[in-house]
Amino acid sequence: MTTAGTSSLGLPMTVPAEGLPERVRIYEVGARDGLQNEKATVPTEVKAEFIRRLARTGLEIIEATSFVHPKWVPQLADAEQLYPAVADLPVELPVLVPNERGLDRALALGARRVAVFASATESFAKANLNRTVDEALAMFEPVVARAKAQQVGVRGYLSMCFGDPWEGPVPIPQVVKVCRALLDMGCDELSLGDTIGVATPGHVKALLTALREAGVPVSVIGVHFHDTYGQALSNTLTALQQGVTTVDSSAGGLGGCPYAKSATGNLATEDLVWMLQGLGIRTGVDLGRLVATSVWMAAHLGRPSPSRTVRALSHQEQ
Ligand SMILES: CC(C)(COP(=O)([O-])OP(=O)([O-])OC[C@H]1O[C@@H](n2cnc3c(N)ncnc32)[C@H](O)[C@@H]1OP(=O)([O-])[O-])[C@@H](O)C(=O)NCCC(=O)NCCSC(=O)C[C@@](C)(O)CC(=O)[O-]
């Protein structure tokens, strides 16, 4: 590989190998996916400061919160207070909205990017949205239509794309069908969720191949891996080799889903940035600042970050 200077940490940077992108768009989900699962309530001001610090690392997309029913996700019940506290940051701040009620709440605060969240399996659709897969899609249709009419960007998450804790391995055609439905209703982009972290690289390649064959352009696909079996980075690399350039991750590896048994932390943004830097792929993120932010957040949560990179680099600094 050809070298292209050194990274901020003094590591040799390489030019991306053939078949890998020059830049990856990191979609940071720590403040939403990460914090939605915390047992102890995180004060709104701490969440706002977390998002401000994340914005100073160079991250350009920071999912802020969810406008869901507060009884379903009590940890994010402060969305009305949090969103205005960060709305003036010079970054994109998407929010989750499950239905028109959620969209109304988000639009009232000036949100410009929203995300609906579907499931590839009936069990998770019921557990997470109290709906069948089709009923959930019907609930999203007016949300997407109204958002698009106001030039608000819409992401379509799809959970349980690989395995489901109740149903086991998820057939690829079932996943492709819901992806198509989300795109056909007008979603601008998809995020393929390995909600419980059971995917492996071969499965990732097979799903991305099937989506390509079904006419889904890879440019609209993002990947969202959890690290239960330590496969999140391998899965990400496989996705990049298949042409994906949007990767979801969570600062410090925070995360999990309150409605999915065995969902563990997301791919840590630091681990992702470390790998991408080593591959010579640009992200715009300052890894040192990001590690400091996750160490700061971990202190508030009262436990160390599970991210290997956070642990390695924060030990180096001591
Ligand atoms: C979809 C619902 C609301 C259905 O929940 P439901 O109980 O069926 O709601 P409903 O439509 O029957 O309405 C019942 C009451 O809730 C109110 N209500 C209804 N909607 C809202 C709202 N938006 N905001 C505030 N209030 C709301 C509504 O107004 C009504 O109030 P009432 O008339 O009885 O006084 C519920 O199931 C819900 O909020 N679910 C959210 C679950 C969630 O947020 N899960 C985590 C996100 S998904 C995830 O983490 C996975 C992901 C994305 O990261 C990717 C991956 O890893 O796979």
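A short tour of the structure in this document, coming up.

Criteria and thresholds
- Residues numbered from 1 in each chain as written.
- Predicted model: local features only at pLDDT ≥ 70, side-chain atom pairs only at ≥ 80, totals over all residues.
- Heavy atoms only, no water.
- Near = heavy atom within 4 Å.
- Polar contact = N/O pair within 3.5 Å; in protein donor to acceptor, adjacent residues only side chain to side chain.
- Areas by Shrake-Rupley, 256 points an atom, 1.4 Å probe, with all protein chains shown as cover.
- Helix = DSSP H or I, 4+ residues; strand = E, 2+ residues; numbered from the N terminus.
- Nonpolar A, V, L, I, M, F, W, Y, C, P; charged D, E, K, R; others polar.
- Salt bridge = Lys/Arg side-chain N within 4 Å of Asp/Glu carboxyl O.
- Buried < 20%, exposed > 50% of the residue type's maximum accessible area, 1.4 Å probe, protein only.
- Pairing = 2+ DSSP bridges.
- Phe/Tyr/Trp six-rings, centres within 6.5 Å; stacked < 30°, edge-to-face > 60°.
- Lys NZ or Arg CZ within 6 Å of the ring centre and 35° of its normal.
- Right-handed = clockwise from strand over helix to strand, strands pointing away.

Remarks on the site of the ligand
In the neighbourhood of the ligand, 26 residues make up the surrounding shell, with His69, Asn99, Asn128, Ser159 and Thr195 lying closest. Gln36 places a side-chain nitrogen or oxygen 2.8 Å from an oxygen atom of the ligand. His224 is positioned with one of its side-chain polar atoms (N or O) 3.1 Å from an oxygen atom of the ligand. For the ligand, the accessible surface in isolation is 1100 Å², of which the surrounding protein chains cover 76%. When residues of the shell around the ligand are traced back to their parent elements, those giving at least two are α1 (30-34), α4 (100-108), α5 (122-129) and β8 (153-159). It is α4 that provides the largest number of residues to the shell around the ligand, a total of three residues. Per-class residue counts for the shell around the ligand are 11 nonpolar, 10 polar and five charged.

Considerations on the pattern of salt bridges
Counted according to the given criterion, the structure contains 19 salt bridges. Ionic pairing is found between Arg23 and Glu60, a salt bridge with its closest N-O pair at 3.3 Å. Of this pair, Arg23 sits in the loop between β2 (12-14) and β3 (25-28) while Glu60 sits in the loop between α2 (44-55) and β4 (61-62), and the two are 37 residues apart along the sequence. Residue class for Arg23 comes out partly exposed when judged on its relative accessible area of 32%. One salt bridge connects Arg105 with Glu80, and the closest N-O pair in it is separated by 2.8 Å. A residue pair is termed long-range when its members are at least 10 positions apart, and Arg105 in helix α4 and Glu80 in helix α3 (residues 79-86) qualify at 25 residues. Judged by relative accessible area, which is 14%, Arg105 ranks as buried. Each of the salt bridges in this network shares a partner with another, and the network as a whole consists of Arg25, Glu92, Arg113, Arg155, Glu189 and Asp248.

Things to note about the sheet that holds strand β7 (residues 113-119)
Strand order in the open sheet made by the nine strands is β4-β3-β13-β12-β11-β8-β7-β6-β5, with parallel pairing throughout. Two strands close off the open sheet at either side, each with one partner strand: β4 and β5 (65-66). With two bridges connecting them, strand β6 (residues 95-96) and β7 associate as parallel partners. If you follow Val95 over to β7, its bridge partner there is Val114.

A look at the packing of aromatic side chains
Scanning the entire structure with this criterion turns up two aromatic pairs. Look at Phe162 and Phe225: their rings are 6.3 Å apart centre to centre, the planes differ by 45 degrees, and that puts the pair in the tilted class. Placement of the pair is Phe162 in the loop between β8 and β9 (163-164) and Phe225 in strand β12 (residues 221-225), with a sequence separation of 63 residues. Residues Phe162 and Phe225 agree in their burial class; the two are buried. Over the aromatic face of Tyr157 sits the side chain of Arg32, whose NZ or CZ is 5.5 Å from the ring centroid. Positioned above the aromatic ring of Tyr27 is the side chain of Arg155, whose terminal nitrogen or guanidinium carbon lies 3.4 Å from the ring centre.

Details of the pairing of strand β11 (residues 189-194)
Counting buried positions over the six residues of β11 gives six, a clear majority of the element. Burial of the side chains of β11 extends over both faces: Glu189, Ser191 and Gly193 are buried on one face and Leu190, Leu192 and Asp194 on the other. For β11 and β12, the ladder comprises five bridges, and the chain directions are parallel. Bridge pairing in β12 places Asp194 opposite Phe225. Crossover handedness for the path β11 to helix α8 (residues 201-213) to β12: right-handed.

Purely geometric stuff here, so don't read any function into it on its own.
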